[in-house]
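For reference, the chains in residue letters:
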Amino acid sequence: MNFDIDIEESLRVLNNGGLILYPTDTVWGIGCDATNEDAVASIYALKKRSDEKSMIILLADERDIVKYVTQPDPKVFDYIKGIHKPTTIIYEGAVGLAQNLTPQNNTIAIRITKDRFCKDLIKRFRKPIVSTSANVSGYPAPAVFNDIDVVIKNGVDYIVQHRQDDLTPAAPSAVVKWNADGSLHIIRP
C-alpha cells in the first residue's frame, strides 16, 4: 500500500507542532513531536487527561533508546529482541523529551514499533512520536478506526488515511517496567 501522502502530511503537521491521528502496531493513536511541550499539552487537553499521567513514545529502532534514556541496562536490548508482541517498556532517566511528557518521576514509556508506516514516519521525522490511544480519558481505547470519537477526529490536525478500513480489532501493548536492578515488573501482560 502506498502511504507516501500520509507520511508527507504527517511530517508537515508534526514539524509545525500539530497533532496526528494514526494507526500504530496496536490501537489507533494520537501523536505529536515528543520533544515539543506545546504539542504534548495539546494532547492532554484533547484527551481531557491529567497532565500528571505520562504517555508512551514510539521509536523506530532500539538503538535510539540511548538518546532518550540516561543509562539503559544493556540487558534490555536482549529482552527487546526476544519479545514478539508489541510491548511498551518504562525506563528511568528520561532525557531529551518535552518536560510535560515525564511529569512525575522522570520515567518514560517507550515502544519500538514494528509497524511499517510508523517506522517510516519516525525515521523520516528523526524524533520520537507520542502515541496515546485515540480516546477521551476514561473511555475505552478504540479497537478500530470507526470507533474513534468525533471529538478526537475533530481535534487533530491530520487524520492518516492508511488502514482506516482495517477492521481487525486492535489491543493495547503489554507494559513492563525495567527496574534499575535489571528486574522486570509486569504492569499489563
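Scroll up to find the structure this text is about.
The present account deals with the structure reproduced in this document.

About the criteria used
Residues numbered from 1 in each chain as written. Predicted model: local features only at pLDDT ≥ 70, side-chain atom pairs only at ≥ 80, totals over all residues. Heavy atoms only, no water. Helix = DSSP H or I, 4+ residues; strand = E, 2+ residues; numbered from the N terminus. Rg over C-alpha atoms; globule rule 2.2 N^0.38 Å. Contact = heavy atoms within 4.5 Å. Pairing = 2+ DSSP bridges. Axes fitted to C-alpha atoms, helices over the stretch in contact; angles between N-to-C directions. Salt bridge = Lys/Arg side-chain N within 4 Å of Asp/Glu carboxyl O. Phe/Tyr/Trp six-rings, centres within 6.5 Å; stacked < 30°, edge-to-face > 60°. Lys NZ or Arg CZ within 6 Å of the ring centre and 35° of its normal. Buried < 20%, exposed > 50% of the residue type's maximum accessible area, 1.4 Å probe, protein only. Arc of directions from axis to C-beta. Polar contact = N/O pair within 3.5 Å; in protein donor to acceptor, adjacent residues only side chain to side chain. Core = buried A, V, L, I, M, F, W, Y, C linked by side-chain atoms within 4.5 Å.

This part is about the overall build of the protein chain. Helix and strand content of the protein chain: six helices and nine strands. For 189 residues, the compact-globule estimate of 2.2 N^0.38 gives 16 Å, and the C-alpha radius of gyration of the protein chain, at 15 Å, lies within 12% of that figure. Its C-alpha atoms put the protein chain at 45 × 30 × 30 Å along the principal axes. When contacts within the protein chain are restricted to residue pairs at least 6 apart in sequence, those whose partners lie at least 24 apart make up 67%.

This next bit is on the sheet that holds strand 4 (residues 87-92). Read across the open sheet, the nine strands follow the order 7-1-2-6-3-5-4-8-9; overall the sheet is mixed. The open sheet has two free edges, formed respectively by strand 7 (158-159) and strand 9 (184-188), since each of these has just one partner strand. Looking at chain direction, strand 1 (residues 20-22) and strand 2 (residues 29-31) are connected through three bridges and run antiparallel. If you follow Ile 20 over to strand 2, its bridge partner there is Gly 31. Here helix 4 (residues 75-82) sits on the sheet in contact with strand 4, strand 5 (107-112), strand 8 (174-178) and strand 9, set at roughly 170° to strand 4.

Tallied over the entire structure, the rule returns 10 salt bridges. A salt bridge links Arg 111 to Asp 25, with the nearest nitrogen and oxygen atoms 2.9 Å apart. You can see Arg 111 sitting in strand 5 and its partner Asp 25 sitting in the loop between strand 1 and strand 2, a full 86 residues away along the chain. Among the salt bridges present, the one from Lys 127 reaches Asp 33, with a minimum N-O distance of 3.0 Å.

Across all of its chains, the model carries three aromatic pairs by this definition. Their ring planes at 55° and their centres at 4.8 Å tell us that Trp 28 and Phe 145 sit as a pair that is tilted. Pair noted here: Trp 28 is in the loop between strand 1 and strand 2 and Phe 145 is in the loop between strand 6 (129-133) and helix 6 (150-155), with a separation of 117 residues, a long-range link. The ring of Phe 145 has Lys 153 lying over it, and the distance from NZ or CZ to the ring centre is 4.3 Å.

The topology assignment puts Thr 113 in the loop between strand 5 and helix 5 (116-125). Thr 113 sits in the buried class, given a relative accessible area of 0%. Every residue in contact with Thr 113, bar those within four places of it in the chain, is listed here: Asp 25, Leu 59, Ala 60, Cys 118, Lys 119 and Ile 122.

Bringing helix 2 (residues 37-47) into the picture now. Taken as a whole, helix 2 has its buried residues at Ala 39, Val 40, Ile 43, Tyr 44, Leu 46 and Lys 47. Axial view of helix 2: buried residues confined to an arc of 165°, hence all on one face. Residues of helix 2 that are exposed and point more than 90 degrees away from the buried face comprise Asp 38 and Ala 45. Each element contacted by the buried residues of helix 2 is listed here: strand 2, strand 6 and helix 6. A distance of 3.0 Å separates the backbone nitrogen of Asp 38 from a side-chain oxygen at the start of helix 2, and that oxygen is part of Asn 36. Looking one or two residues past helix 2, Lys 48 carries a phi angle of roughly 55°, positive in sign.

Pairing analysis gives four bridges linking strand 8 to strand 9, with the strands arranged antiparallel. Residue pairing in the sheet places Val 176 in a bridge with Ile 186 of strand 9. Turn length for the strand 8-strand 9 hairpin, with the two strands adjacent in sequence and antiparallel, is five residues, and the turn residue Gly 182 shows positive phi of about 90°.

This part is about the nonpolar core. Formed by 38 residues in total, the largest nonpolar core has its most connected members in Leu 21, Ile 30, Tyr 91, Leu 101, Ile 108 and Val 130. Every element with two or more residues in this core is listed here: helix 2, strand 3 (56-59), helix 3 (65-68), helix 4, strand 4, strand 5 and strand 8. If one sorts the elements of this core by residue count, helix 2 sits on top with five residues. If we skip the residues at most four places from it in the chain, Leu 21 touches Trp 28, Gly 29, Ile 30, Ala 134, Phe 145, Ile 148, Ile 152, Lys 153, Val 156, Tyr 158, Ile 159 and Val 160. Listed in part, the 21 residues of the second largest apolar core include Ile 7, Ile 56, Phe 125 and Val 175.

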